[in-house]
Amino acid sequence: MHAVTELHPNTEVSNAVYEYSINHSTPVPKHIDEHRQASIEFCEKENEEANMMINTLQAQFLIFWARAQGVKRVLEIGMFTGYSALAWVEALRDQPEGGLVCLDLPGKTSAFALQTFAKYGVSDKVQVIEGNGQTTIDSLAGQKFDLVFIDADKSGYITYFEKVLSLNLLSPSGVIIADNALRRGLVADDSERNPASARYSKETHQALDRFNKFVRDDPRVEHVLLPAFDGLNFIRVKNTTPN
Ligand SMILES: C[S@@+](CC[C@H](N)C(=O)[O-])C[C@H]1O[C@@H](n2cnc3c(N)ncnc32)[C@H](O)[C@@H]1O
């Protein structure tokens, strides 16, 4: 067992740390905050779950990280209302050839995201492919992405991972980031000790656990599963070129 110090002793301190971190990091542009609020109102009206969106600090982190990596092309699997998509567009702002492809199911949330991209004048930066991502991803064969963000149906993560590799969608420095890989800690501890075990269905975290193990056992890749946000599994194809 690897012992870790308890960094934040309770939820109040955790929340204070989260707010402090947001306020001491490069802020997201105003329109992204505005869209977060609009998404929350949309979700209330349409009975959707606003907590599907990545949080503000995660948006700040992903923008920073994508820029530091010089990411030009992003594939997002799971767009929802377009909140994280706007973050990717922001990350690509200084990349004239940059672009974002989003896969999601057709419906009200996708329509809302498309309206949002038009409202903020970024429609030319985002290609939305509607349909089941597990099959629409095939249409991307021949394209390369520096970053693939997997944030759609959790039972599909293995398929998305397999397809990204088999279709050869990653650029040489390309990275997959799989979101929610720790699912409220349930993949590590789904006993009664974890209050989330009473709120969430077992199927989802069991699917994510299968995904994490599948990646761990795949000799083609190296990866790190970070206990940040709801768990980010960073994955890259191993460099097989001899030194
Ligand atoms: C967690 S939300 C994405 C949140 C978004 N990345 C954000 O942070 O703003 C998951 C999305 O995956 C989509 N999704 C679920 N199953 C899918 C499938 N089979 N193909 C494509 N998209 C799917 C849902 O419609 C939903 O919009």
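Structure: see above.
Remember, it's a predicted structure, so these values are computed and weren't measured experimentally.

Turning next to the site of the ligand. Around the ligand, the surrounding shell holds 18 residues, and the nearest of these are G78, S84, D104, G133 and D151. Between F80 and the ligand, the recorded distance is 3.2 Å, taken from a backbone N or O atom to an oxygen atom. Protein contact buries 90% of the 610 Å² of open area that the ligand shows by itself. Residues of the shell around the ligand, tallied by class, amount to nine nonpolar, five polar and four charged.

Right, let's get into the sheet that holds strand β6 (residues 221-226). Across the sheet, which stays open at both edges, the seven strands sit in the order β3-β2-β1-β4-β5-β7-β6 with mixed pairing between neighbours. The two strands at the open ends of the sheet, each matched to only one other strand, are β3 (126-130) and β6. Looking at each pair of strands side by side, their axes are set apart by 15 degrees on average, direction ignored. The pairing of strand β4 (residues 145-150) with strand β5 (residues 170-179) spans five bridges and is parallel.

A separate point is the environment of V74. Looking at where V74 falls in the secondary structure, it is placed in strand β1 (residues 73-77). Residue classification places V74 among the buried residues on the basis of a relative accessible area of 1%. Put simply, V74 and W88 are 14 residues apart on the chain and 7.3 Å apart in space, counted from C-alpha to C-alpha. Not counting chain neighbours up to four residues away, the residues in contact with V74 comprise W88, L92, G99, L100, V101, F145 and L147.

Each value, and the rule that gives it
Counting of residues starts from 1 at the beginning of each chain's written sequence and follows it residue by residue. Local features in this predicted model are restricted to residues of pLDDT 70 or higher, and side-chain atom pairs are both shown and tallied only at a pLDDT of 80 or more, whereas totals for entire chains, interfaces and linings draw on every residue. To get the side-chain values, take all heavy atoms of the structure and skip hydrogens and water. In these notes, residues near a molecule or strand are those with any non-hydrogen atom within 4 Å of it. Definition of a polar contact: a pair of N or O atoms within 3.5 Å, with one able to donate and the other able to accept a hydrogen when the atoms are protein atoms, and with sequence-neighbouring residues admitted only if both atoms are side-chain atoms. Using a 1.4 Å probe, accessible areas were evaluated by the Shrake-Rupley method; residue-level cover was limited to the displayed protein chains. For this classification, Asp, Glu, Lys and Arg are treated as charged, while Ala, Val, Leu, Ile, Met, Phe, Trp, Tyr, Cys and Pro are nonpolar and the rest, including Gly, are polar. Pairing between strands is defined by DSSP: at least two bridges between the two strands are required. Elements are defined by DSSP. Helices are runs of H or I of four residues or more, strands are runs of E of two residues or more, and each kind is numbered from the N terminus. For every element, the axis is a line fit to its C-alpha atoms; helices are fit only across the contacting stretch, and the angle between N-to-C directions ranges from 0 to 180 degrees. Buried, partly exposed and exposed residues are distinguished by accessible area as a fraction of the type maximum, computed with a 1.4 Å probe on protein chains only: under 20%, between the cut-offs, and over 50%, respectively. The contact criterion used throughout is that any non-hydrogen atoms of two residues lie within 4.5 Å.

Nothing here speaks to function; it is geometry throughout.
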